Amino acid sequence: MNDEYTPKIIGFLCNWCAYTGADLAGVSRIQITPSLRIIRVMCSGRIDPLFVLKGLLKGADGVMMMGCHPGDCHYQKGNYSARRRYVLLQKLFEDLGFESERIGLWWVSASEGPRYAKVSSEFSEEIKKLGPNPVREEIFI
Amino acid sequence: MTATQIDSNKMPTKGAIVSAEEGINKTIVDIFKKSLEKKCFDAILIPVRVPETEAYAWVLLKDQSLLDEANPLPPIISVQGAKALRSLTKRGKMTQNIAAILRPCEIRAAVELSKLKQIHLDNISLISIDCPGAMPLSDYLADPEKSKKIYKNVLEKWGENNSVRPVCHICNRFSLPSLLPRKSEETSPVEQDEANLPSIDLHIGLLGGNQEKIFLIPVNPKGRKILEELELKSDDSLDIWQTKVSEVQDKKEKIRKEFNLELKEKIEGQEKLTAMFNECINCHNCMRVCPICYCQQCFFDSGALTLSPETYLSRSEKKGALRFPLDTMLFHLGRMSHMVLSCVSCGVCEDACPMSIPVAQIFSLVADQTQKSFDYAPGINKEEPLPLQDFLEDEFHEVETPKEVN
Amino acid sequence: MSNVLKIKKGVEQGANELLKFLLESEKVKGIFTLRKMNENGAVSYSLITHPKELQNAVPLFPLMPVNAGKILSGFTLKKAINEPIAAVLRSCELRAFIELIKRTQGSLENFLLISSTCGGVYPLKSLTDGTYKEQVSQYWESAKNAEISSDIRPTCAACEYFIPQQADMTIAIVGKNDLQQECSIFLNTKKGEEFTIGAPGNIVSEDIDTKETAKLREKRQEQKKKLFDELEKNGSGIKALVKTFAACLSCHGCSKACPICYCTLCDFDSKTHEYLPSSHEIELEQKEGIRLPPGTIFFHIGRMIHMVVSCVNCGMCSDVCPVNIPVSTIFSKVGDSLQKLFDYLPGKDIEEPVPFGTYKEEEFTEIGE
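Residues numbered from 1 in each chain as written. Chains lettered and ligands numbered in written order. Predicted model: local features only at pLDDT ≥ 70, side-chain atom pairs only at ≥ 80, totals over all residues.

1. Details of the overall build of chain C
Within chain C, the secondary structure is distributed over 14 helices and nine strands. Over its C-alpha trace chain C gives a radius of gyration of 22 Å, about what one expects of a compact globule, namely 21 Å for 369 residues. Based on the C-alpha atoms only, the size of chain C along its principal axes is roughly 75 × 45 × 45 Å. By residue count, 54% of the 369 residues in chain C fall in the buried class. (Helix = DSSP H or I, 4+ residues; strand = E, 2+ residues; numbered from the N terminus. Rg over C-alpha atoms; globule rule 2.2 N^0.38 Å. Buried ≥ 20, exposed ≤ 12 C-beta atoms within 10 Å, placed from the backbone.)

Here you go:
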């Protein structure tokens, strides 16, 4: 693959904090990486681990999960579940040698526009270094 | 309409004879590569060997290089081809033209599934092939290298070899064109009208070619068009193929009859049949790999058969003991009653059974008999409704006659 | 130290004596255990209510045609049993039952749970290829000497949880060099003691953990490490997964045999995972070819995500696989790792919630920052 590849990263952003934060970043005209394709969910607790798995198996170079800081969840407990699911996913991918660096979880509140821009561009850089997802070449999955 | 008697006069008479100097597999694969080049099809569904393994998987491919590891007749049946087709077109029609090259039993299962609205056959060109059978899955897994050698021999000796699965050894439907529906007794299949097209467009004949040539046989106008696009003339005589097919067919009919007589003796009666399933662990693998068993949730897996503990206890008290999981015979005979009229004897059930129970042989035997009483051959005629989807007012009066009361 | 009922018969006979006593004295209404189906080694779990049928009971036969925890869950799915029933099951089967009860898939009420220190079971193939007779004869020798019997299920050879935790009674097998003369039944709970009042035998005091059981545990732990290391030979990452699951037929037999997979309609069998032809056509534009049926790897890893924190390493999945994929080894390895991460042992404590579906506020605080 050529080194000019732009990673395709899927981001699952919770409506109340992360998505609003992303919106704020946009409105504030902060530079945001073009790699990230956002899917809005009502709560990070809605993120089914299978979404993350499916994204990677379909060839996404990275998947980000973003939600409210612990204690601030609009639905009280959703982000705690998200955190556990992420921990499970990460360890599972690690054990299978599945490039667990391609997924990540960040807490981004509604007012943290600059933070959103920062974590997404940092993650995008990491993904760029990792190269395209090798799953893209696989026919027999 | 049953189609067990073969009359050479009704088989396709003309086709294209293609030299197979570089080996049958390569010849067929090259033809399909050309078909992609010439845009006869947008994509091809064919078994492909998974790199660095001896496993075969169905691949829908556009890329010619993938065809290098393709094999239309792998030594084993992995996933039943009709199941693969169903995963593609259950929810709707393909918009692109694809060719699917399947074994005869897989094509027949696909046709049955299309009658059950589980497969949309539009834009799919079904291409069949003379099939000598497949090897038992467990034999192949135990020693793939040895099995590949044996299978090469199977392709050469055809029918004289007992290394294929039992249901394959007795298979009398190994060459589809000889079984296709007729508009009337006189016309050959090539002259069928649009409304009654047989399920396949093209057939690859292997019998009679002696490993030196293959026969590309168009079965309908679409098949002839494909041969035209491949720049193959389709007026070579198919005499040697027809003769060999009839010869092997006769042999198989005899073998089948003998085998089934023996099998019937081994399993008939409640005691013998139940004993056959003594080792059954109720894993339901047989049902899940069966192409005809398409129910999203099998009745026998549903809550319908879950009872209360008191019921289990009282059932146990009737005979002193109650086997778990429950209802082994209910499952097998129930499944049989649900699907046996469409059973194509493909044998994947027996391959999948972890306890090596001869499921396919038993189901095949019953399928033969029950399909005969409805004069029905599954998967041959796309237009023919399933026996239980249809009825005639004037039939089976013999079951209505009340018994004499003395 | 616990009270131990000693029956002066070989362990297999002693177990039968115990069951006979329980049924004939009417302390239990029925016995749930393995029963012989024919003379070729076929066995099946059965609910026995007549003492006469106990003749064919083989409670300690080293074969697992189906995980008994799954059966007991199905048994008590609608409601708990209302009469006492004695159930003989292995450590992993009991752990599976407990995991299912945590998911409201059954009830322990009125069960008298009898287990054993487990020497493992043979793969189902040993019945079909006829090797079981020979294997079973050397099984008891290995068990006596706290050795790992060769040819048992790979996950059994690597199992360190062979001393059951939640049973009312445990029949001691592993490391007992008096197996042929005496049957030792550890009475772990008050219930266990009550039900054996009047049983033929005498009561002594012993410890279930012995030098021999510790020895076997060490051996099994070594074997576990070897087994997991062997998985590495296929490499790691997506290429290794593709190779491992190359022959997969997507029959989902592994899921159906798994005791933890209790969903009546599995997500991966539902409409969620049925795609329009257009989805396939679009994917075909991006790749040279697509495998059908789709989602082979997705199913396995997805199922792993759903159930592996409760995986009890019973090995049923590998046994029913028609193409000999070492499913149980892979799931065991990942299960082991994830269970350590959450400091969770499936089936150990019925009060301990399943880590998937619960959370603590103060944990993994470094994540997300």
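2. Structural notes on the overall build of chain B
Within chain B, the secondary structure is distributed over 14 helices and nine strands. Expected size for 406 residues packed as a compact globule is a radius of gyration near 22 Å; at 22 Å, chain B falls within 12% of this value. Projected onto its principal axes, the C-alpha coordinates of chain B cover approximately 75 × 55 × 40 Å. Expressed as a percentage of its 406 residues, the buried residues of chain B come to 47%. The long-range share in chain B, meaning contacts at least 24 apart out of those at least 6 apart in sequence, stands at 73%. (Contact = placed C-beta atoms within 7 Å.)

3. Focus: the sheet that holds strand β7 (residues 183-187) of chain C
Pairing is mixed in the open sheet, where nine strands are placed in the order β9(B)-β3(C)-β2(C)-β4(C)-β5(C)-β6(C)-β7(C)-β1(C)-β8(C). The open sheet is flanked by β9 (321-324) of chain B together with β8 (202-206) of chain C, the only strands paired with a single partner. Pairwise comparison of adjacent strand axes, ignoring direction, gives a mean angle of 30° for this sheet. Both strand β2 (residues 30-36) of chain C and strand β4 (residues 85-88) of chain C contribute to a ladder of three bridges, which runs parallel. Within β4 of chain C, the position partnered with G30 of chain C by the bridge is I85 of chain C. (Pairing = 2+ DSSP bridges. Axes fitted to C-alpha atoms, helices over the stretch in contact; angles between N-to-C directions.)

4. Quick look at the interface of chain C and chain B
Opposite the 62 residues of chain C that make contact, chain B presents 62 residues. Counting residues per element, the ones that place at least two in the side of chain C that touches chain B are β2, β3 (43-48), α2 (68-75), α4 (125-128), α10 (253-257), α11 (277-286), β9 (289-292) and α13 (316-320) of chain C. With five residues, β3 of chain C is the single largest residue contributor to the side of chain C that touches chain B. A per-class count over the side of chain C that touches chain B returns 29 nonpolar, 18 polar and 15 charged. Taken together, the four bridges between strand β3 (residues 56-61) of chain B and β9 of chain C define a ladder with antiparallel strand orientation. Of the residues in β9 of chain C, the one forming a bridge with W58 of chain B is L292 of chain C. (Nonpolar A, V, L, I, M, F, W, Y, C, P; charged D, E, K, R; others polar.)

5. Some remarks on helix α11 (residues 309-319) of chain B
When α11 of chain B is considered as a whole, its buried residues turn out to be P309, Y312 and S316 of chain B. In a view along the axis of α11 of chain B, the buried residues occupy a sector of 60°, so they form one face of it. Away from its buried face by more than 90 degrees, α11 of chain B exposes T311 and K318 of chain B. At its buried positions, α11 of chain B is contacted by β9 of chain B together with β2, β3 and α2 of chain C. Taken from the residues just after α11 of chain B, G320 of chain B is the one with a positive phi, measuring 95°. (Arc of directions from axis to C-beta.)

6. Notes on the sheet that holds strand β4 (residues 103-107) of chain A
All names here are of chain A. Here we have four strands laid out as an open sheet, ordered β2-β1-β3-β4, and parallel in their pairing. Looking at which strands have only one partner, the edges of the open sheet turn out to be β2 (36-41) and β4. When the angles between neighbouring strand axes are averaged without regard to direction, this sheet yields 20°. In terms of strand pairing, strand β1 (residues 9-14) meets β2 through six bridges, oriented parallel.

7. Looking at the domain arrangement of chain C
Residue and element names in this part refer to chain C. Taken domain by domain, chain C holds domain 1 (2-226) and domain 2 (232-341). When each unit is reduced to the centre of its C-alpha atoms, the spacing between domain 1 and domain 2 is 31 Å. The interface of domain 1 with domain 2 comprises 21 residues on the first partner and 13 residues on the second. At the level of elements, α2, α3 (91-102) and α6 (154-157) are the ones that each hand at least two residues to the side of domain 1 that touches domain 2. No other element matches α3, which puts six residues into the side of domain 1 that touches domain 2. (Domains from an automatic or database assignment.)

8. Considering the domain arrangement of chain B
All names here are of chain B. Per the domain assignment, the segments making up chain B are domain 1 (8-260) and domain 2 (267-390). The C-alpha centroid of domain 2 is placed 28 Å from the C-alpha centroid of domain 1. The interface is formed by 30 residues belonging to domain 1 together with 26 residues belonging to domain 2. Looking at the side of domain 1 that touches domain 2 element by element, the count peaks at ten residues for helix α3 (residues 104-115). When grouped by side-chain class, the residues that make up the side of domain 1 that touches domain 2 number 17 nonpolar, six polar and seven charged.

9. Some remarks on the environment of C346 of chain B
All names here are of chain B. With respect to the secondary-structure elements, C346 resides in the loop between α12 (328-339) and α13 (348-352). Here C346 falls in the buried class, since 29 other C-beta atoms lie within 10 Å of it. Separated by 106 residues in sequence, C346 and I240 have C-alpha atoms that sit 27 Å apart. Leave out the neighbours within four places in its chain, and C346 touches I77, Q80, C105, E106, A109 and P291.

10. Regarding the confidence of the model for chain C
Detailed reading of the predicted coordinates is not advisable wherever pLDDT falls low. Residues and elements named next belong to chain C. In the predicted model, chain C carries a mean pLDDT of 94, and the fraction of residues at 70 or more is 100%. Taken element by element, the predicted model of chain C shows its lowest mean pLDDT in helix α5 (residues 132-144) (89) and its highest in β4 (98). Interface confidence for the predicted complex, expressed as ipTM, amounts to 0.94; the pTM equals 0.95. (pLDDT = per-residue confidence, 0-100.)

11. Brief notes about the packing of helix α8 (residues 211-231) of chain C against helix α14 (residues 327-341) of chain C
How two helices sit against one another is set out by the angle between their axes and by the gap between those axes. All names here are of chain C. Interaxial distance between α8 and α14 falls to 10 Å at its minimum, and their mutual angle equals 110°. In terms of axis orientation, α8 runs roughly perpendicular to α14. For the pair formed by α8 and α14, the contact residues are L227, F228 and L231 on the first element and T329, I330 and K333 on the second. By residue class, the composition of the contact of α8 with α14 is four nonpolar, one polar and one charged. (Parallel < 35°, antiparallel > 145°, perpendicular 65-115°, else oblique.)

12. A few points about helix α4 (residues 113-130) of chain A
Residues and elements named next belong to chain A. Over its 18 residues, α4 extends 26 Å from the first C-alpha to the last, a length consistent with the 26 Å expected when each residue adds 1.5 Å. Every buried residue of α4 is listed here: G113, Y116, A117, V119, S120, F123, S124 and I127. Positive backbone phi, approximately 90°, marks G131, located one or two places after α4. (Expected span 1.5 Å × (residues − 1).)

13. Here we look at unusual backbone geometry
Between F324 of chain B and P325 of chain B the backbone carries a cis peptide bond, its omega angle lying at -5°. Looking at where P325 of chain B falls in the secondary structure, it is placed in the loop between β9 and α12. In this model, L292 of chain C is joined to P293 of chain C through a cis peptide bond whose omega is -15°. Mapped onto the secondary structure, P293 of chain C falls in the loop between β9 and α12 (296-307). One non-glycine residue, S250 of chain C, adopts positive backbone phi at about 55°. Secondary-structure assignment places S250 of chain C in the loop between α9 (238-244) and α10. Overall, the presence of 23 C-beta atoms within 10 Å leaves S250 of chain C in the buried class. Residue H252 of chain C is not a glycine yet carries a positive backbone phi of 65°. In this fold, H252 of chain C is placed in the loop between α9 and α10.

14. With respect to the packing of helix α8 (residues 239-267) of chain B against helix α14 (residues 359-373) of chain B
Residues and elements named next belong to chain B. Following both chains from N to C, one finds α8 and α14 inclined at 110°, their axes separated by 10 Å at the closest point. Our classification of the angle between α8 and α14 gives roughly perpendicular. As for the relative orientation of α8 and α14, their crossing is left-handed in sense. Contact residues: N260, L263, K264 and I267 in α8; Q361, I362, L365 and D368 in α14. (Left-handed = near helix turned anticlockwise from the far one by under 90°.)

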